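What the coordinates show
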Amino acid sequence: MQLIMNPGLLDEQVFDLPEGAVTIGRTEESTICVLHKSLSRRHARLERVGERVVLFDLTSKNGTFVNELRIERHELKEGESFRCGEVRFKLVPTVRELPLELSPTQVQSLQTRFSPGSMDELLSRHSESRDNSALKVRQAGRESQADEKLQVLLKVSQLLSSPGSIEALLERILDLVFQIMEVDRAAILLVDPSTGKLLPRVARFSTGESPSGPFYSQRIVDYVRTRSVAALFSDARVDPRLDDAASVVLQSIQASMCAPLKPRDEVLGVLYVDNLIRPNGFSQEDLEFLTAFANQAAIALDNSILSQRLKEEAVLRNAYLRFFPPATLKKLQMAKGGPLETIETEVTVLFSDISGFTALSSTLEPRQVVDLLNDYFPVMAEIVFKYEGTLEKYIGDALMAVWGAPFAHPDDADRAVRAAVEMQRALAELNARWRTQGRPELKIHVGLNTGRVAAGNIGSEQYLQYATIGDATNVASRVCSAAGDGEICMTDATFSRWRDRAWPTSSLPPTQVKGKQEALTLYRLEWRESAMK
């Protein structure tokens, strides 16, 4: 059986529905991950046994609907539709190919008379160049010769369009250079975005060997890059443009060509080739061809760079989805999604911990513990995001969130306090549901502290972690430990910045915590009482 997401729309997708459980949600942990704001992190679950499929709502915020009726459990029939938040799905039988024999009038081979053949078919079988040209294109009449070169360029475009890494593409470009033209050496230099300098990326001799160091003329590549034009130096030793460049003599360059890699307005780099045997080894015809070839290579390179950038941004966005609410993500995207620099800033830190969780875990099966946390954490995370906090980490059964990084609000302390209260109230609702299911109930204690931290990305490219480092986070953890079951406690630093004072507080006796010589002044929030505002 299959599941169609958004049937009939441009973003329609089809998913196979295997036996067993399939989850739908906004996180990568879900079997079907849909990055839509109306979906909860764990939204719904489908359980398939044979042809029987049952849909369960996982206490999602925006609900699961069948025939526009909100459901908790529903057995789906073939062809029946349902909706998770604003995303629609339809259950359908697996589409099977029909054993239909198509007549020749209904099919067309991809190969036509306009399609280029293989590169070997397009090039001369003889290694020697024709006349004064370095091109290995088959010899023919003048008009046919132009067609042959066009066919070669079409084949080049085809061969460079395959997906792959930038390094593999650069090697492929050099392979084609040596296959199509009689050159002794070739190199591709790219502009380093950080320094703006041309740096060699790949270089090779016609023998297949790699050079031990730079062999190209720096004067030539700089000339082409700064003027953004292709250039032919038919006798490099006496060319006035090179002004007796020492590198031409040292590298024994007889003739050279160089073309810019310029897909649009910006020069990405240059393609350099030279000849060590004879001056006048290249002609104007060769330069025209190299220019066209470089244009094809530049487009392929630009596409490869863009593809790589999109992949990196997708990885970064998926990583950020774990930490930041939609409003923060939008700001990060407007900042072009670059890595977050480390900053020093003031934040309000919230630590939430489940009371007596170690003892409770010893009475449950491991799967029951996981199911309990998977019900609990998404609810808490949604509250953090609701108040535009950063969900920094889960530590076992504890949760840490901050307000003030990466972007600050004037009422960060107020947001953190309201989030803490809503967490306690949401847990009460969860407990009421768990009670009816015969599952254990939980209590949490919450600590809040405000202070300065260093905030930014830490870790490696493979594992990215947004974190706040500083004593303020350690103190928040200690305050959480000092709070009792069902309590919310805050330091005087948070209390002084908490402006709306929507709930009454009780001043606690000076509290000694681990790692601090002086006792802390703490306040207990009486969140069970009606809000004053």
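If you check an unreviewed UniProt entry, the protein appears there as GAF domain-containing protein from Archangium minus.

1. Quick look at the sheet that holds strand β3 (residues 20-25)
Pairing between the strands of a sheet is mediated by backbone hydrogen bonds and can be parallel or antiparallel. Pairing is mixed across the open sheet formed by 5 strands, whose spatial order is β4-β3-β5-β6-β9. Sheet topology places β4 (32-33) and β9 (73-76) at the edges, where each strand pairs with a single neighbour. Note that strand β5 (residues 44-49) and strand β6 (residues 52-57) share 6 bridges and pair antiparallel. By the bridge assignment for β6, Leu-46 is matched with Leu-55.

2. Comments concerning the sheet that holds strand β10 (residues 81-84)
The 6 strands are arranged β2-β1-β11-β10-β7-β8 in an open sheet whose pairing can be described as antiparallel. What marks the edges here is a single partner per strand, and that holds for β2 (13-16) and β8 (69-70). Of the pairings in the sheet, the one linking β10 to strand β11 (residues 87-92) comprises 4 bridges and is antiparallel in character. From the neighbouring strand, Arg-83 faces β11, where its bridge partner is Arg-88.

3. A look at the nonpolar core
Among the nonpolar cores identified, the biggest contains 44 residues, and Tyr-376, Leu-399 and Leu-525 are the most heavily contacted of them. At the level of elements, β17 (343-354), α8 (357-361), α9 (366-386), β19 (398-403), α10 (412-436), β20 (444-459), β22 (488-491) and β24 (522-525) are the ones that each hand at least two residues to this core. Here this core takes 11 residues from α9, the largest share from any one element. Discounting residues that sit within four places of it in the chain, Tyr-376 has contacts with Ser-352, Ile-354, Asp-397, Leu-427, Leu-430, Trp-434, Leu-442 and Ile-444.

4. Concerning the packing of aromatic side chains
One pass over the full model with this rule turns up 7 aromatic pairs. When the ring of Phe-82 is compared with that of Phe-89, the centres are 5.3 Å apart and the planes differ by 15 degrees; the resulting orientation is stacked. Phe-89 shares its class with Phe-82; the two are buried. Judged by centre distance (6.4 Å) and plane angle (65 degrees), the rings of Tyr-216 and Tyr-272 are edge-to-face. Remark: Tyr-272 occurs in strand β16 (residues 269-275) and Tyr-216 occurs in the loop between β13 (198-205) and α4 (218-227); sequence separation between them is 56 residues. An identical accessibility class is assigned to Tyr-216 and Tyr-272; each is buried. Ring-pair connections join several aromatic residues into one group, and the members of that group are Tyr-376, Phe-377 and Tyr-394. Over the ring of Phe-56 we find Arg-45; its NZ or CZ atom is 4.9 Å from the centre of that ring. Above the face of the Phe-65 ring, Arg-83 is positioned so that its terminal group lies 4.3 Å from the ring centre.

5. Focus on the pattern of salt bridges
Applying the stated criterion across every chain yields a total of 27 salt bridges. Linking Glu-19 and Arg-48 is a salt bridge whose minimum nitrogen-to-oxygen distance equals 4.0 Å. Taken together, the residues Glu-19 in the loop between β2 and β3 and Arg-48 in strand β5 connect sequence positions 29 residues apart. By relative accessible area, Arg-48 is classed as buried at 13%. Taking the shortest distance from any N to any O, the salt bridge between Asp-175 and Arg-204 comes out at 2.6 Å. Taken together, the residues span a long stretch of sequence, with Asp-175 in helix α3 (residues 166-180) and Arg-204 in strand β13 at a distance of 29 residues. You can call Arg-204 buried: its relative accessible area is 13%. One network of salt bridges, in which partners are shared, links Glu-19, Arg-48 and Glu-51.

6. Quick word on α9
Helix length check: α9 (21 residues) gives 30 Å between terminal C-alpha atoms against 30 Å at 1.5 Å per residue, within 8%. Of the residues flanking the end of α9, it is Glu-388, one or two places downstream, whose phi is positive at about 60 degrees.

7. Some remarks on the pairing of β24
Residues in a regular strand project their side chains so that they alternate between the two faces of the sheet. Strand direction decides the pairing type here: β22 and β24, joined by 4 bridges, are antiparallel. When the bridges of β24 are listed, Ile-488 appears paired with Leu-525. For strand β23 (residues 505-507) and β24, the ladder comprises 3 bridges, and the chain directions are antiparallel. Opposite Thr-505, over in β24, you have Leu-525 as the bridge partner.

Conventions we followed
- Residues numbered from 1 in each chain as written.
- Predicted model: local features only at pLDDT ≥ 70, side-chain atom pairs only at ≥ 80, totals over all residues.
- Heavy atoms only, no water.
- Pairing = 2+ DSSP bridges.
- Helix = DSSP H or I, 4+ residues; strand = E, 2+ residues; numbered from the N terminus.
- Core = buried A, V, L, I, M, F, W, Y, C linked by side-chain atoms within 4.5 Å.
- Buried < 20%, exposed > 50% of the residue type's maximum accessible area, 1.4 Å probe, protein only.
- Contact = heavy atoms within 4.5 Å.
- Phe/Tyr/Trp six-rings, centres within 6.5 Å; stacked < 30°, edge-to-face > 60°.
- Lys NZ or Arg CZ within 6 Å of the ring centre and 35° of its normal.
- Salt bridge = Lys/Arg side-chain N within 4 Å of Asp/Glu carboxyl O.
- Expected span 1.5 Å × (residues − 1).

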